[in-house]
Amino acid sequence: MMLTTAPPPACYASVASFYAANRERGPFHTTVVTEGNYAYASWYGLHSGGEGAFQRRAGRWCKLVNGGGAMNVQELAASGVPRATAERLFAKMRAKRPA
């Protein structure tokens, strides 16, 4: 029997560089908030939008989760962000959104 391990998460010099490498064509916008070694990003382009969570490891930002649609505190925590940190990130992002 051969055992395999999951590949390590994709890590980037910055959260913005993840989206630069993985974005759609046309106008693309991101908002990023951080709390310690964690980041929460909201993004949208011409035809889609979504959110993602990242963790800083060895000076690089590693993707925990990224996808279409909005995330909530429970989803951030389920992706590996400590619950208290997820709550602070969510509050920071909410404060940046237009009323």
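Residues numbered from 1 in each chain as written. Predicted model: local features only at pLDDT ≥ 70, side-chain atom pairs only at ≥ 80, totals over all residues. Heavy atoms only, no water.

1. Focus: the overall build of the protein chain
Right, on to step 1. Each helix and strand counted, the protein chain has 3 helices and 5 strands in total.
Right, on to step 2. In the protein chain, the succession of α and β elements from N to C terminus is β-α-β-β-β-β-α-α.
Right, on to step 3. Looking at the protein chain as shown, the accessible area adds up to about 6,200 Å², and 55% of this sits on carbon and sulfur atoms. (Helix = DSSP H or I, 4+ residues; strand = E, 2+ residues; numbered from the N terminus. Areas by Shrake-Rupley, 256 points an atom, 1.4 Å probe, with all protein chains shown as cover.)

2. A closer look at helix α3 (residues 83-96)
Right, on to step 1. With 14 residues, α3 should reach 20 Å at 1.5 Å per residue; the first-to-last C-alpha distance of 20 Å fits that figure.
Right, on to step 2. The complete set of buried residues in α3 reads Thr85, Ala86, Leu89 and Met93. Taken around the axis of α3, the buried residues stretch over an arc of 100°, which confines them to a single face. Exposed and oriented more than 90 degrees from the buried face of α3 are Arg94 and Ala95.
Right, on to step 3. In this structure, the buried residues of α3 make contact with β2 (28-35), β3 (38-45) and α2 (73-78). (Expected span 1.5 Å × (residues − 1). Buried < 20%, exposed > 50% of the residue type's maximum accessible area, 1.4 Å probe, protein only. Arc of directions from axis to C-beta. Contact = heavy atoms within 4.5 Å.)

3. Observations regarding the nonpolar core
Right, on to step 1. Ranked by size, the top nonpolar core spans 11 residues in total: Val33, Tyr38, Tyr40, Ala53, Met71, Val73, Leu76, Val81, Ala86, Leu89 and Met93.
Right, on to step 2. Elements represented by at least two residues in this core include exactly β3, α2 and α3.
Right, on to step 3. Looking at which element gives the most residues to this core, the answer is α3, with 3 residues.
Right, on to step 4. Not counting residues within four places of it along the chain, the set of residues in contact with Val33 comprises Tyr38, Ala39, Tyr40, Leu89, Lys92, Met93 and Lys96.
Right, on to step 5. Residues Tyr12, Ala41, Phe54 and Trp61 belong to the second largest nonpolar core, which totals 10 residues. (Core = buried A, V, L, I, M, F, W, Y, C linked by side-chain atoms within 4.5 Å.)

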